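Overview (structure and organization)
If you want the building blocks of each chain, they are given just below.
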Amino acid sequence: MTIYISATLRGFFGRKEKIEASWDTIRALLSNLTDEYPDAKKALYEEDGGLRSFLQIYVNEENLTAAEHWDTP
């Protein structure tokens, strides 16, 4: 799986434009990304733990931003 990082967020991900990953779910992906890039957690999540409203998660052109999709393989 390839994760594309927007230009505004690259500073939180080692200036990378994209990251290759092999996690099974979006939840696992987000957890592992924030473990590897701890500063990214502040950029990705609101203080209440929800994903920031300006972020969008797409898998094969399908919008899976809503948390109820995060455990789907």
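Everything numeric in this text was worked out from a predicted model, so none of it was measured. Note that residues are indexed from 1 along each chain, following the sequence as it is written. In view of the model being predicted, local features appear only for residues whose pLDDT reaches at least 70, and side-chain atom pairs are presented and counted only at 80 or more, with totals across whole chains, interfaces and linings using the full set of residues. Neither water nor hydrogens contribute to the side-chain values; these are computed over all heavy atoms in the structure.

Below, the discussion takes up unusual backbone geometry. Where the residue is not glycine, phi is negative for most of them; where a peptide bond is considered, it is trans in most cases. The backbone phi angle of R15 is positive, close to 65°, even though this residue is not glycine. By the element assignment, R15 lies in the loop between β1 (2-4) and β2 (18-20). Here N60, not a glycine, exhibits a phi torsion of approximately 50°, which is positive. Relative to the helices and strands, N60 is located in the loop between β3 (58-59) and β4 (62-63). The rule is simple: take the accessible area with a 1.4 Å probe, protein chains only, and divide by the maximum for that residue type; under 20% is buried, over 50% is exposed, in between is partly exposed. Judged by its relative accessible area of 75%, N60 is exposed. The way it works is that DSSP assigns letters per residue, a run of H or I at least four long becomes a helix, a run of E at least two long becomes a strand, and they are numbered from the N terminus.

Residue placement: T34 occurs in helix α1 (residues 26-36). Exposure remark for T34: the relative accessible area of 12% places this residue in the buried category. Any N or O atom pair separated by 3.5 Å or less is treated as a polar contact, with the protein-specific requirement of one donor-capable and one acceptor-capable atom, and with residues adjacent in sequence counted only for side-chain atom pairs. Within the structure, T34 has its side chain in polar contact with the backbone oxygen of L30 (distance 3.0 Å). Within the structure, the side chain of T34 is placed 3.1 Å from the backbone oxygen of S31, a separation counted as a polar contact.

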